[in-house]
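Structural overview
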Amino acid sequence: QKQLPPGPRGLPILGNVLQLSAASKLWLTFDQLKHEYGPIVYLNMAGQHIVVLNTKVAATELLERRSAIYSDRAKCVVPEHLGSLLTVPFARYGKLWQNLRRASHAVLNARVSAQYQPVQTDEAIILAHGLLYDTSVPLLLKIHRSASTIISVVYGKRSLSSLESETPDQTSLDARGLHITNDPLETLSNIAHRFTSALHPGAHIVEVLPILDYLPEVMAKWKRDARRDFQKISGIFQKYFDDAVRDEHERSSLCVSLADGKVASGLTNIQKAWVAGSITVAAVETTSNTLSYFLYAMILHPGIQEEAQKELDRVIGRSRNPTFADIPDLPYVRAIVKELLRWQPAIPLAVPHISTEDDWYEGYFIPKGTQCIPNIWSMNRDKEVYGADADKFLPERFLRKSKEETGSKFVLREEYEVEDGHCSYGFGRRVCVGRHVADNALLINICTILWALRIESKTPLVSLARDAQEKQSKDMINPIPDFQCHFHPRFPEAESLLRSLRDDVVQGRSSIS
Ligand code: HEM
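In this text the structure is predicted, and so the values were computed from the model without any measurement. (Residues numbered from 1 in each chain as written. Predicted model: local features only at pLDDT ≥ 70, side-chain atom pairs only at ≥ 80, totals over all residues. Heavy atoms only, no water.)

Let us look at the packing of aromatic side chains. According to the stated counting rule, one finds 15 aromatic pairs in the structure shown. Ring centres 5.5 Å apart and planes at 75° place the aromatic pair Y155 and Y240 in the edge-to-face group. Taken as a pair, Y155 in helix 9 (residues 148-155) and Y240 in helix 12 (residues 221-246) lie far apart in primary sequence, 85 residues in all. Here Y155 and Y240 have matching classes, each one buried. With a centroid separation of 5.7 Å and an interplanar angle of 25°, the aromatic rings of F230 and W274 are classed as stacked. Linking F230 in helix 12 with W274 in helix 14 (residues 269-300), this pair joins segments that are 44 residues apart in sequence. An aromatic cluster of at least three residues, connected via ring pairs, comprises Y293, Y296, W343, F393 and F483. (Phe/Tyr/Trp six-rings, centres within 6.5 Å; stacked < 30°, edge-to-face > 60°. Helix = DSSP H or I, 4+ residues; strand = E, 2+ residues; numbered from the N terminus. Buried < 20%, exposed > 50% of the residue type's maximum accessible area, 1.4 Å probe, protein only.)

To continue, consider helix 22 (residues 492-506). Along helix 22, the residues classified as buried are A494, L497, L498, L501 and V505. The arc that holds every buried residue of helix 22, seen down its axis, measures 100°, which confines them to one face. For helix 22, the secondary structure elements touched by its buried residues are helix 7 (117-133), helix 20 (435-452), strand 9 (453-457) and strand 10 (485-489). The positive-phi residue at the C-terminal boundary of helix 22 is G508, with phi of around 75°. (Arc of directions from axis to C-beta. Contact = heavy atoms within 4.5 Å.)

On to the sheet that holds strand 3 (residues 353-354), then. Judged by pairing direction, the sheet is mixed, and its four strands sit side by side in the order 1-2-6-3 without closing on themselves. Strands with a single pairing partner mark the edges of an open sheet, and in this sheet they are strand 1 (40-45) and strand 3. Relative to strand 6 (residues 371-374), strand 2 (residues 48-53) is paired through four bridges, and the arrangement is parallel. When the bridges of strand 6 are listed, I50 appears paired with Q371. Strands in contact with helix 2 (residues 26-37) are strand 1, strand 2 and strand 6; relative to strand 1, the strand with the most contacts, it is inclined by about 120°. The strands that helix 3 (residues 56-65) touches are strand 1, strand 2, strand 3 and strand 6; relative to strand 2, the one it contacts most, it runs at about 130°. (Pairing = 2+ DSSP bridges. Axes fitted to C-alpha atoms, helices over the stretch in contact; angles between N-to-C directions.)

Put into structure tokens, the structure is as follows:
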């Protein structure tokens with residue numbers, strides 16, 4: 001007997017469509033379902049089978065051990081008109097994805113990622129300096145701009161051009177269509193938003209009734225808009241790629257490596273341009289989201305901030321900025337990065353994996369074509385794994401007290417030298433290919449900010465927690481609460497040091513010149 005996993009009853013024909021499309025922060029809805037139905041939950045979206053995997057054990061068994069049959073992506077009508085089949089995150093499992101993934105891995109693996117560290121160190125200085133001095137720029141926009149590191153890495157040029165521009169009004173973007181500006185970072189963010197909002201369950205009725213895709217463009221606005229935006233996105237990705245490759249003598253970049261026939265064999269020129277573009281889009285929102293949560297965690301927990309700063313004073317001192325060579329000696333800061341990724345995963349439900357064969361798990365039947373959603377949010381807060389305080393921000397959970405009398409108060413627990421300690425980068429063959437670059441960006445930015453600055457909240461702490469809970473989102477990305485910070489130089493020389501380091505970076509005297 002083919003018994004499906006347990007789950008809430010749905011309506012005839014529609015199944016659970018109404019429950020899912022009405023939900024804000026879908027991961028919280030799934031978290032409640034976990035408590036009612038257990039580690040794996042079945043839902044039905046008008047005939048589409050969905051299985052939510054709520055524990056790491058279940059996700060590892062299916063998405064990693066059985067990854068040969070759990071690595072496809074959903075067929076989504078509107079995102080495909082937008083070009084999703086050419087992107088690494090949303091390409092269907094097959095030859096094209098293998099080529100796209102191989103090329104991305106070649107330019108983002110742990111060894112190659114080390115090449116980007118000088119650029120990342122420079123960008124961290126720019127960010128810390130900006131936090132202290134650019135008081136006219138809204139905080140979250142500054143953080144978002146800091147994700148221009150990835151633009152330096154991918155395209156070989158920094159995107160500092162329009163620090164003064166305002167945050168785009170994301171809610172009005174759909175109405176105006178995809179907004180392309182002169183600022184690459186803003187344009188790439190708009191592209192990211194265009195894809196993620198099209199992917200939300202219930203965003204377009206055609207996803208539930210695919211037969212509607214046979215309507216001609218003139219009768220289907222969503223199709224017309226998506227195809228128009230595909231042309232815009234392709235044009236912009238191709239232009240950025242060609243410019244980067246043309247400037248190859250100025251600065252090495254990921255595009256220059258991709259242009260090399262050996263790295264991206266089997267890919268056409270436009271496919272390479274989409275690899276570069278989709279890597280950047282995947283990187284920008286996720287990294288800046290986690291950095292914003294870092295500031296949020298620091299104002300909520302001044303004691304943790306002080307503990308990290310004591311470690312930085314002891315290891316680095318106050319006469320030079322942190323570098324990647326210091327990271328192994330900074331267990332407390334490394335634990336902060338792990339804890340951030342655990343506590344507030346940027347994509348709490350990852351990207352659904354589609355099964356390509358009928359399968360069984362713990363006696364339950366998982367039909368071929370099921371959307372398997374790893375509920376990273378619940379896995380990262382599993383009380384059986386992390387203890388009763390799993391909801392708290394507590395870097396110490398990754399540490400043990402040092403036995404040595406002098407030196408560090410903490411050491412990273414041995415298992416976490418190799419393990420992430422969270423599931424926020426996803427699973428199996430589709431695991432985040434940019435995780436080394438992401439970890440490095442978070443580490444150096446967090447070290448540099450904590451080394452130079454003391455962070456204080458401008459917003460009363462009580463309203464912070466309430467706003468965070470009330471913030472609504474129908475996006476895949478974990479929404480950032482509204483908050484404001486004061487930044488103060490932590491010691492008298494911090495200001496002059498930051499200023500001269502920043503001048504070196506801007507005038508090209510630093511390591512990336
Ligand atoms: C805090 C930062 C980041 C987080 C939390 C994150 C998380 C994720 C997650 C959850 C997935 C889906 C995994 C799955 O399907 O099981 C993913 C995929 C991906 N990520 Fe990241 N990511 C981050 C940063 C980055 C960066 C910096 C890059 C590029 C430099 C990147 C590139 C990608 C790509 C290309 C994929 C698609 C992989 C595939 O489907 O084969 N990500 N990421």
